[in-house]
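Given next are the chains, with one letter for each unit.
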Amino acid sequence: MMNDEILENYKEAGKLASKILHEGAQGVRAGGSYLELVDSVEDRIRSEGADLAFPLNVSLNEDAAHDTASTGDERVFAKGDVVKFDLGVQIEGYVADTATTVDLGNNSLLLDASRAALDAAIACVRPGITTGEIGAAIEHEIVTRGYRPVANLTGHGLDQYVAHMDPTIPNIAISGGTVLEEGMAIAIEPFATTGSGRVGEKTRVEIYSQISDKPVRTPAARGVMEKVRERRGLPFSRRWLNDKKAGLALISLCRSQILYGYPVLSDIPGSLVSQHEHTMIVTEDGCIVTTR
Ligand code: CO
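Residues numbered from 1 in each chain as written. Predicted model: local features only at pLDDT ≥ 70, side-chain atom pairs only at ≥ 80, totals over all residues. Heavy atoms only, no water.

**Student:** What should I look at first to understand the overall build of the protein chain in this one?
**Tutor:** Summing up its helical and strand segments, the protein chain has 7 helices and 15 strands in all. The globule rule puts the C-alpha radius of gyration for 292 residues at 19 Å, and the 18 Å found for the protein chain is close to it. By its C-alpha atoms, the protein chain is 50 × 45 × 35 Å across when sized along the principal axes. Expressed as a percentage of the 292 residues in the protein chain, the buried residues total 55%. When the accessible surface of the protein chain is summed, it comes to about 13200 Å², and 49% of that surface belongs to carbon and sulfur atoms. (Helix = DSSP H or I, 4+ residues; strand = E, 2+ residues; numbered from the N terminus. Rg over C-alpha atoms; globule rule 2.2 N^0.38 Å. Buried < 20%, exposed > 50% of the residue type's maximum accessible area, 1.4 Å probe, protein only. Areas by Shrake-Rupley, 256 points an atom, 1.4 Å probe, with all protein chains shown as cover.)

This is the structure:
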């Protein structure tokens, strides 16, 4: 359900997310510290009195999503890198989810493909359209530019304290799909790739979320869960726990299906992936993009 107060929260979160995403993107330089940039963007959100809907995702080159800084992360950005920033801001639980890509090489055409696909998708959004038709518009823009859309990553619905829910919005044409309705909050996020068009899981896991509320036995796991409960189900990063011994507790909490770990998702080695994303509210005759 959508009312004026909820819409105001979505808009406020969107405005802040847009501003800080672009400030952060401008801070990417070859030789710059990955960890310092992630920390500074996340601190900016908190200093504005808002909260993160999920850890800042900064995914490089063939990595499409779900990477973020680890504690003591020593990586630096390099010439040639394609750097995806995916930022989630929440106000009263209402989420703005937005992403952009920074090119430290000569990949402007790849970036244009995901940007044009997002614009084409947004132009389609209104009550009555299906998510399959939106996926077709995305696929068309990317394929005609000589790249592949990532078929197994999708846009998604949003709700209070929920960063991912139905409907899924494919980045390829599918038959049918969900019919959009007025008042829905959705995020559309096309990915364009020079690789296979499918992502797989790497072993690296830095982002987690709580998926059930079962009793926890060990003191270490109890300590982790005390911090995690404040997230109300929204994702968090291992770095935020500020606890060198959290690693084993996280593994056992995932095994007990209390937490879920999000592996870094990557196309084939040596490929490059770009991403652009906006959040929008479906209106009577179109949509309001909250993150522009
Ligand atoms: Co998203």
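**Student:** Honestly, the state of the cysteines in this entry has me stumped. Any pointers?
**Tutor:** What makes a disulfide is a covalent bond joining the sulfur atoms belonging to two cysteines. Scanning all chains against the criterion turns up 0 disulfides. Cys287 carries a free sulfur, and the closest cysteine sulfur to it, the one in Cys124, is 9.9 Å from it. (Disulfide = S-S within 2.5 Å.)

**Student:** Explain the sheet that holds strand 6 (residues 155-159) here, please?
**Tutor:** Hydrogen bonds between backbone atoms are what pair the strands of a sheet, whose relative direction is either parallel or antiparallel. Judged by pairing direction, the sheet is antiparallel, and its 5 strands sit side by side in the order 7-6-8-14-15 without closing on themselves. Whereas interior strands pair on both sides, the edge strands pair on one side only; in this sheet they are strand 7 (162-169) and strand 15 (286-289). Strand-to-strand twist across the sheet, computed as the mean angle between neighbouring axes with direction ignored, equals 40°. Summarising the sheet, strand 6 and strand 8 (residues 185-188) pair through 3 bridges and their orientation is antiparallel. (Pairing = 2+ DSSP bridges. Axes fitted to C-alpha atoms, helices over the stretch in contact; angles between N-to-C directions.)

**Student:** Honestly, the coordination of the cobalt ion in this entry has me stumped. Any pointers?
**Tutor:** For a metal with four donors in a tetrahedral arrangement, the ideal angle between donors is 109.5 degrees, while six donors in an octahedron ideally sit at 90 or 180 degrees. Distances from the cobalt ion to its protein donors, Asp97 (OD), His156 (NE2), Glu189 (OE) and Glu277 (OE), fall at 2.0 to 2.3 Å. Here the donor residues of the cobalt ion are spaced in sequence according to D-x58-H-x32-E-x87-E. Of the two residues, Asp97 is situated in strand 4 (residues 94-103) and Glu277 in the loop between strand 13 (273-275) and strand 14 (278-283); the sequence distance between them amounts to 180 residues. Taken as a pair, Asp97 and Glu277 share a single burial class, namely buried. (Donors = N, O, S within 2.8 Å, 3.2 Å for Na, K, Ca; no water.)

**Student:** What should I look at first to understand the environment of Ile186 in this one?
**Tutor:** Residue placement: Ile186 occurs in strand 8. With 73 residues separating them along the chain, Ile186 and Ala113 place their C-alpha atoms 21 Å apart. Apart from residues no more than four positions distant in its own chain, Ile186 is found in contact with Val125, His156, Gly157, Leu158, Pro167, Ile169, Leu180, His278, Thr279, Met280 and Val282. (Contact = heavy atoms within 4.5 Å.)

**Student:** Where do I start with the packing of helix 3 (residues 108-124) against helix 4 (residues 131-144) in this structure?
**Tutor:** For any two helices packed against each other, the geometry is given by the interaxial angle and the distance between the axes. Contact pair helix 3 / helix 4: the axes reach a minimum separation of 8 Å and the direction vectors enclose 150°. Taken together, the axes of helix 3 and helix 4 are roughly antiparallel relative to one another. Handedness of the helix 3/helix 4 crossing: right-handed. Contacts between helix 3 and helix 4 involve Ala113, Ala116, Ala117, Ala120, Ala121 and Cys124 from the first element and Ile134, Ala137, Ile138, Glu141 and Ile142 from the second. In terms of residue class, the contact of helix 3 with helix 4 is made up of 10 nonpolar, no polar and 1 charged. (Parallel < 35°, antiparallel > 145°, perpendicular 65-115°, else oblique. Left-handed = near helix turned anticlockwise from the far one by under 90°. Nonpolar A, V, L, I, M, F, W, Y, C, P; charged D, E, K, R; others polar.)

**Student:** Would you explain the pattern of salt bridges in this entry?
**Tutor:** In a structure, side chains of opposite charge can pair up when their charged atoms sit close to one another. A full pass over the atoms with the stated rule returns 19 salt bridges. Taking the shortest distance from any N to any O, the salt bridge between Glu23 and Arg44 comes out at 2.9 Å. Here the residue Glu23 occupies a position in helix 1 (residues 4-26), and Arg44 occupies one in helix 2 (residues 34-47), the gap between them amounting to 21 residues. What makes Arg44 partly exposed here is its relative accessible area of 27%. Residue Asp67 pairs with Arg75 through a salt bridge whose shortest N-O separation is 2.8 Å. Given the relative accessible area of 1%, Asp67 is considered buried. Sharing partners across several salt bridges, the network here consists of Asp67, Asp73, Arg75, Arg204, Glu206 and Arg238. (Salt bridge = Lys/Arg side-chain N within 4 Å of Asp/Glu carboxyl O.)

**Student:** For this particular structure, what's the right way to read the packing of aromatic side chains?
**Tutor:** Centre-to-centre distance and the angle between the planes together describe a pair of aromatic rings. One pass over the structure, following the stated rule, counts 4 aromatic pairs. On the numbers, 6.0 Å between centres and 25° between planes, the contact of Tyr208 with Phe236 is stacked. One end of the pair, Tyr208, is in strand 10 (residues 200-210); the other, Phe236, is in strand 11 (residues 236-237), with 28 residues separating them in the sequence. The pair Tyr208 / Phe236 is uniform in exposure class, with both members buried. Stacked on the ring of Trp240, the Lys or Arg Arg46 has its end atom at 5.3 Å from the ring centre. A cation over an aromatic ring shows up here: Arg232 above the ring of Tyr161, its NZ or CZ 4.0 Å from the ring centre. (Phe/Tyr/Trp six-rings, centres within 6.5 Å; stacked < 30°, edge-to-face > 60°. Lys NZ or Arg CZ within 6 Å of the ring centre and 35° of its normal.)

**Student:** For this particular structure, what's the right way to read helix 2?
**Tutor:** For an α-helix the count is 3.6 residues per turn, leaving residues at separations of three or four pointing the same way. If you check helix 2, its first and last C-alpha atoms are 20 Å apart, about what 14 residues at 1.5 Å a residue would give, namely 20 Å. When helix 2 is considered as a whole, its buried residues turn out to be Tyr34, Leu35, Leu37, Val38, Val41, Glu42 and Ile45. In the core, the buried residues of helix 2 are packed alongside helix 1, strand 1 (51-60), strand 3 (82-91) and helix 6 (238-241). The distance from a side-chain oxygen at the start of helix 2 to the backbone nitrogen of Leu35 is 3.4 Å, and the residue carrying that oxygen is Ser33. Of the residues flanking the end of helix 2, it is Gly49, one or two places downstream, whose phi is positive at about 80°. (Expected span 1.5 Å × (residues − 1). Polar contact = N/O pair within 3.5 Å; in protein donor to acceptor, adjacent residues only side chain to side chain.)

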